[in-house]
Amino acid sequence: MIKIAVDIMGFENDISEAVLACKEFLGNKKNLTIILVGDKDKININHCMEVVDVKDFFSQSDTVLSIRQKTNTSMQVLFNLLNHGKVDGVLSAGNSSIFTFLSYSTLGTIDNIDKVAFMPCIPTTDGSFFNMLDVGASLDIQPIDIVKFALMANIFYSQYKKNPSIGILNIGTEKHKGFLLQQEADKLMMQTNLNYVGFVEPKNLLMHPVDIVLTDGFSGNLVLKTLEGTSKTIFNLLKKEYKKPKNFLGLLFSLGVFKNIKNQFDYKNNAGAIVLGVQKPCVKTHGSADKKQFLSALRLLHDYISNKVIDNITSEVSKYGNKV
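Here the structure is a predicted model, which means the values were calculated and not measured. (Residues numbered from 1 in each chain as written. Predicted model: local features only at pLDDT ≥ 70, side-chain atom pairs only at ≥ 80, totals over all residues. Heavy atoms only, no water.)

A. The arrangement of the environment of Val278 in detail. Here Val278 shows up in the loop between β10 (272–276) and β11 (282–285). With 242 residues separating them in the primary sequence, Val278 and Leu36 have C-alpha atoms 22 Å apart. Setting aside chain neighbours within four positions, we find Val278 in contact with Ser103, Tyr104, Leu107, Gly108, Thr109, Ile110, Val116 and Ile310. (Helix = DSSP H or I, 4+ residues; strand = E, 2+ residues; numbered from the N terminus. Contact = heavy atoms within 4.5 Å.)

Written out as structure tokens, the structure reads:
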């Protein structure tokens, strides 16, 4: 039996978006339990899930310092449930910086791992996906952290493909490009037995040059939001153009293609990011998450738990000992 706790407070949409997603995902699964953590009085639909009633929450504008003033929020209760073994994994759309801090401080990191990373699954033109890490959890990292990110991501992606290819995000593929972080990380990666191919550029990411893209949290977050924003903008422009009477005939002939492409690159279908590096399964989704985004994040978390990825990561990292 897998138990998942979901924080239904502190995000920009209505609580019902999270609750409806949990209800739909639960469906008739007999080996799954979902616990909702939040204000019971604001859940206005019938459900078959346990609720841990918590009124307080962290807003999107709160900072890590807010933890001193708010000591019984939905997010804190969420991590306490996970830390005490009451659930197997947690999901939240709440404040990202506080979520990262609490995952790090409450659960601790895997042995020999110093920095955690947000890792989403990003769709590609060939119908597959790549993982990119970090996209916002750790801004100040060292070259050795890039290698550790690679070790962990390699285990995750190996569920889907043997010996996944790995690259470091850079402004060019030439060896002399990039800052000291990229240069030193490249040298360290060359010494591993991973399938490392070198530097990759942002402009090629959607064409799937590698399965795993390594970077720091600041650069990764910029790239992720640019990809999401560009995709959303293009589809909005196409929708606007197709509404014009002169383009109606073109719409009739291309509607199926348009829908297929939109569905393939809709970031809501891949809206969860794993907090890679902590000792228990944690997934964060967008602060503006709707039902569709919660559903995709729940799928990611469920697979992460089912496939015992953290156990495999812990075992693999331990082999390297002090060498990483």
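B. Structural detail: the packing of aromatic side chains. Across all of its chains, the model carries 7 aromatic pairs by this definition. Taken together, a centroid distance of 4.8 Å and an interplanar angle of 35° make the contact between Phe129 and Tyr157 tilted. Taken as a pair, Phe129 in strand β6 (residues 129–133) and Tyr157 in helix α4 (residues 143–157) lie far apart in primary sequence, 28 residues in all. Residue Phe129 shares its accessibility class with Tyr157, and that shared class is buried. Through a chain of ring-to-ring contacts, three or more aromatic side chains come together here, namely Phe129, Phe156, Tyr157, Tyr160 and Tyr304. (Phe/Tyr/Trp six-rings, centres within 6.5 Å; stacked < 30°, edge-to-face > 60°. Buried < 20%, exposed > 50% of the residue type's maximum accessible area, 1.4 Å probe, protein only.)

C. Representation of the pattern of salt bridges in the model. For the structure shown, the criterion picks out 10 salt bridges. Between Lys291 and Glu24 there is a salt bridge, with the nearest N and O atoms lying 2.7 Å from each other. Within this pair, whereas Lys291 is found in helix α8 (residues 291–306), its partner Glu24 is found in helix α1 (residues 15–26), the two being separated by 267 residues in sequence. (Salt bridge = Lys/Arg side-chain N within 4 Å of Asp/Glu carboxyl O.)

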